[in-house]
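Letter by letter, the chains look like this.
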Number of protein chains: 2
Amino acid sequence: MSRYRIGFDVGGTNIAAAVYDEHYNMIEKASVPFPRGKDVYFVCRVLKNLADELVFENGVKKYDVISVGIAVPGSIDSSGETVIDAHNLGFFDAPMLTASKEAFSEGKEITQNIALINDADAACLAEHKKGVLRGATTAALITLGTGVGGGLIINGRLFKGGRGSGVEMGHMIIEQGGERCTCGNYGCAEALCSATWLINQGRKNFSGMIKTLAGGNIDAVTAKIVVDCAKAGDEVALSIFNKYVESLSSFIASLVNVLDIERVAIGGGVSGAGDFLVNPIIRKVGEKSFFRTHGDIAIAEFENDAGILGAALVHEY
Amino acid sequence: MSRYRIGFDVGGTNIAAAVYDEHYNMIEKASVPFPRGKDVYFVCRVLKNLADELVFENGVKKYDVISVGIAVPGSIDSSGETVIDAHNLGFFDAPMLTASKEAFSEGKEITQNIALINDADAACLAEHKKGVLRGATTAALITLGTGVGGGLIINGRLFKGGRGSGVEMGHMIIEQGGERCTCGNYGCAEALCSATWLINQGRKNFSGMIKTLAGGNIDAVTAKIVVDCAKAGDEVALSIFNKYVESLSSFIASLVNVLDIERVAIGGGVSGAGDFLVNPIIRKVGEKSFFRTHGDIAIAEFENDAGILGAALVHEY
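It should be emphasised that the depicted structure is a prediction, and the values quoted were computed from it without experimental measurement. (Residues numbered from 1 in each chain as written. Chains lettered and ligands numbered in written order. Predicted model: local features only at pLDDT ≥ 70, side-chain atom pairs only at ≥ 80, totals over all residues. Heavy atoms only, no water.)

1. Brief notes about the sheet that holds strand 5 (residues 75-76) of chain A
Two strands in a sheet stick together by hydrogen bonds in their backbones, pointing the same way (parallel) or opposite ways (antiparallel). All names here are of chain A. To keep it simple, the criterion reads: Each pair of strands is called paired provided DSSP finds at least two bridges between the two strands. Here a helix means four or more residues in a row that DSSP labels H or I, a strand means two or more in a row labelled E, and each is numbered from the N terminus.
What the 3 strands build is an open sheet, ordered 5-6-7; its pairing is antiparallel. Edge strands, defined here as strands with exactly one partner in the open sheet, are strand 5 and strand 7 (91-94). Examined bridge by bridge, strand 5 and strand 6 (residues 83-86) share 2 bridges and lie antiparallel to one another. Counted as the bridge partner of Ile76 is Val83 from strand 6.

Quick look at the structure:
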């Protein structure tokens, strides 16, 4: 008898879903737009319909689906029932576990074995099960996107925070009194290591190659443009990029010094910079590490599929 | 039948030791000067003699001693056999487990059940078993002394670092590019939150009440003098102290944000400042914490006896 698992990655733009076999090989994936402005009960019925389609189209028997995991971009309460704050979805104190169990029990066709997971935690599980964190007992995934997030594996298990509130690595303070962070604090990793920081710097220094690649339109500046200009040797972009490397290496070195992490994966949009980013990071973390040697640092393996795979994995961790 | 445990706290000035009953009530303690310049084999024979005296004087039968723990101010390799670096003891790559087993097997009188532990880790165990961290599943002890160290409890167990190299909380970077740290890096917690920082600032600002309390002798400035002057309302000292609170709260908030720690204990010499320190710290960590609420913060309960008690506890964690 075959057994299947379904993973959802609920984002503010799209909802992605996939069916996996028992070895977490993807059978099929699909996505639909996120229904903006709808409540959590509506959204969960959308999830159920998407699951039904995936299952139907691939000849999977519904009662062979043994679990459903749902990744959301926000914080989940320690009981795993409520999405406390996922502002991109418009969910605040949303009873998503109840809502999804209600939706999935219609006709009792798909498992009641449902769990919620933070999307960065999900991506961390994906890397740990099948990606660059494979085999490590202590590992971190850092995601460098609009914000800075991440997931932490300690003793081979997902660490959800001592009080169950989650791991907020992006709000490690690496430069107290520094730039203001979205959280209201100053000098957090999120303020200095996000794609947003690169974009803001590119706009503040809108000249030379950055201006050219953005077609003269300051609103068209992306983190990728700044990184590409740095790669091409543009001096303004290089100086922005070097400051970014300084901050990101401080952040990773801090994590390494506190937890002596075996392996760190760098994911999120900025990780697209690849070796151009990871090579100076490895060198600088070496300089800033207290230990004679430090754990491995690598670009994350999964990109878009990390959330759905990690969501499908939630019952394993 | 009674069972006893012995704990040692080996410092660069004194070696302290105590015998505990099975409930970790102290039966008796004793100390001898640390034999400077002697090798690890010599030092371990000193430990054995001290244990013999403690046992003899208290009528404990040697074969009722079921374990010996030895706390050292330095890093221990992941196998628990070698003191990699305890510069205050002059120990580098010192085979202390072998040396202590040799010493304690003379006459086969005292247990071979011996383990080494870092002294900050030991203090953390003491607080967790019997002090202010009691009952917490995730907890940290931060020691503010000449340097900044600490121990970490995760999931109720002592966390020794992902690769077993230890937890180097003091080398969390909280102000990148800031003051130089003993480790060669810049802006570590140790550089900004140690008693050493307070002393250096008191010397740099040697005037007013600080100068008076130090008897006009700049070398007599201590962290306690700076704190006492701040308590008394001296403006220079207050401005130093406020900067200290800023740094220490950034450090603790960083830890809290990354690990969502249930309870944090503040130990080491500076913790003698008591409520005058911990009250503004609680307020500031609240401001800098990502979470709506954060875990408890309190002054550590044990002071001098934390190391010996924690050493006696090592076999429990």
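2. Some words on the pairing of strand 10 (residues 148-154) of chain A
Residues and elements named next belong to chain A. Condition: The classification of residues rests on relative accessible area computed with a 1.4 Å probe and restricted to protein chains. Under 20% of the type maximum is buried, over 50% is exposed, and intermediate values are partly exposed.
A large share of strand 10 lies buried, amounting to 6 of its 7 residues. Here strand 9 (residues 139-144) runs beside strand 10; their pairing, made up of 6 bridges, is antiparallel. Within strand 10, the residue paired with Leu141 across the bridge is Gly151. Hairpin connection from strand 9 to strand 10: 3 residues lie between these consecutive antiparallel strands. Of the strand pairs in this sheet, strand 10 and strand 11 (residues 157-158) are connected by 2 bridges, and their pairing is antiparallel. Of the residues in strand 11, the one forming a bridge with Ile153 is Leu158. Count of turn residues in the strand 10/strand 11 antiparallel hairpin: 2 residues, of which Asn155 carries a positive phi of about 50°.

3. Focus on the side chain of Asp9(B)
As a reminder of what qualifies: Just so you know, the count uses Lys and Arg for positive and Asp and Glu for negative, and it drops His and the chain ends. A carboxyl oxygen of Asp or Glu within 4 Å of a side-chain nitrogen of Lys or Arg is what we treat as a salt bridge.
Looking at where Asp9(B) falls in the secondary structure, it is placed in strand 1 (residues 4-10). Despite its burial, Asp9(B) pairs with no opposite charge, the nearest such side chain being Lys29(B) at 9.7 Å.

4. Examining the environment of Asp260(A)
As a reminder, the rule being used: Contacts between residues were defined by any pair of non-hydrogen atoms, one from each residue, lying within 4.5 Å. Here a polar contact is recorded for every N or O atom pair within 3.5 Å, except that within protein the pair must consist of a potential hydrogen donor and a potential acceptor, and residues adjacent in sequence are included only if both atoms are side-chain atoms.
As for its placement among the helices and strands, Asp260(A) is situated in the loop between helix 8 (235-259) and strand 12 (263-267). Sequence separation of Asp260(A) and Phe56(A) is 204 residues, and the distance between their C-alpha atoms is 46 Å. Setting aside anything within four residues of it in sequence, one finds Asp260(A) in contact with Leu255(A), Phe291(A), Gly161(B), Gly162(B), Arg163(B), Gly164(B), Ser165(B) and Gly166(B). Engagement of the side chain of Asp260(A) in a polar contact is seen with the backbone nitrogen of Ser165(B), the distance being 2.8 Å.

5. Brief notes about the packing of aromatic side chains
Residue and element names in this part refer to chain A. Defined as follows: Two aromatic rings, drawn from Phe, Tyr or Trp (for Trp, its six-membered ring), form a pair once their centres lie within 6.5 Å of each other, and the interplanar angle then sorts them: stacked below 30 degrees, edge-to-face above 60, tilted otherwise. Here, a charge over a ring means that NZ of Lys or CZ of Arg falls within 6 Å of the ring centre while also lying within 35 degrees of the ring normal.
Throughout the structure, instances matching the rule amount to 10 aromatic pairs over all chains. Note on Phe8 and Phe104: the rings are 6.1 Å apart at their centroids and 65° apart in plane angle, and the pair reads as edge-to-face. Separated by 96 residues along the polypeptide, Phe8 in strand 1 (residues 4-10) and Phe104 in helix 2 (residues 96-104) bring together distant segments of the chain. With respect to burial, Phe8 and Phe104 carry one shared label: buried. Between Lys38 and the ring centre of Phe42, over which it is positioned, the NZ or CZ distance is 4.9 Å.

6. Details of the nonpolar core
We count it as follows: We call a set of buried residues a nonpolar core when its members are Ala, Val, Leu, Ile, Met, Phe, Trp, Tyr or Cys and they connect through side-chain atoms within 4.5 Å of each other.
Of all hydrophobic cores here, the largest spans 110 residues; its most connected members are Phe251(A), Leu277(A), Phe251(B) and Leu277(B). Discounting residues that sit within four places of it in the chain, Phe251(A) has contacts with Ile142(A), Val148(A), Met169(A), Met172(A), Ile174(A), Ala189(A) and Cys193(A).

7. Digging into the pattern of salt bridges
Per the stated rule, a full pass over the model turns up 20 salt bridges over all chains. Residues participating in the shared-partner salt-bridge network are Glu246(A), Lys284(A) and Lys288(A).

8. A look at helix 5 (residues 195-204) of chain B
Residue and element names in this part refer to chain B. So the rule is basically this: The arc in question is the one spanned by the directions pointing from the helix axis to the C-beta atoms.
Inspection of helix 5 places Ala195, Trp197, Leu198, Gln201 and Gly202 among the buried residues, and these make up the whole buried set. The arc that holds every buried residue of helix 5, seen down its axis, measures 160°, which confines them to one face. The elements touched by buried residues of helix 5 are helix 4 (189-193), helix 6 (208-213), helix 7 (223-231) and helix 8 (235-259).

9. With respect to the packing of helix 5 of chain B against helix 7 of chain B
Residue and element names in this part refer to chain B. Basically, it comes down to this: Note on geometry: axes are lines fitted to C-alpha atoms, helical ones only across the stretch in contact, with angles between N-to-C directions running from 0 to 180 degrees. Angle categories are assigned with fixed cut-offs, so that under 35 degrees is roughly parallel, over 145 is roughly antiparallel, 65 to 115 is roughly perpendicular, and the rest are oblique. The hand of a helix crossing depends on one turn: near helix anticlockwise from the far one by less than a right angle means left-handed, and clockwise means right-handed. Residues were grouped as follows: Ala, Val, Leu, Ile, Met, Phe, Trp, Tyr, Cys and Pro as nonpolar; Asp, Glu, Lys and Arg as charged; and all remaining residues, including Gly, as polar.
Close contact between helix 5 and helix 7 brings their axes to 8 Å; oriented N to C, the two are set at 70°. Considered as vectors, helix 5 and helix 7 are oriented roughly perpendicular to each other. In this structure, helix 5 meets helix 7 at a crossing whose hand is left-handed. Residues Ala195, Leu198, Ile199 and Gly202 of helix 5 form the contact with helix 7, whose participating residues are Ala223, Val226 and Val227. Grouping the amino acids of the contact of helix 5 with helix 7 by side-chain chemistry returns 6 nonpolar, 1 polar and no charged.

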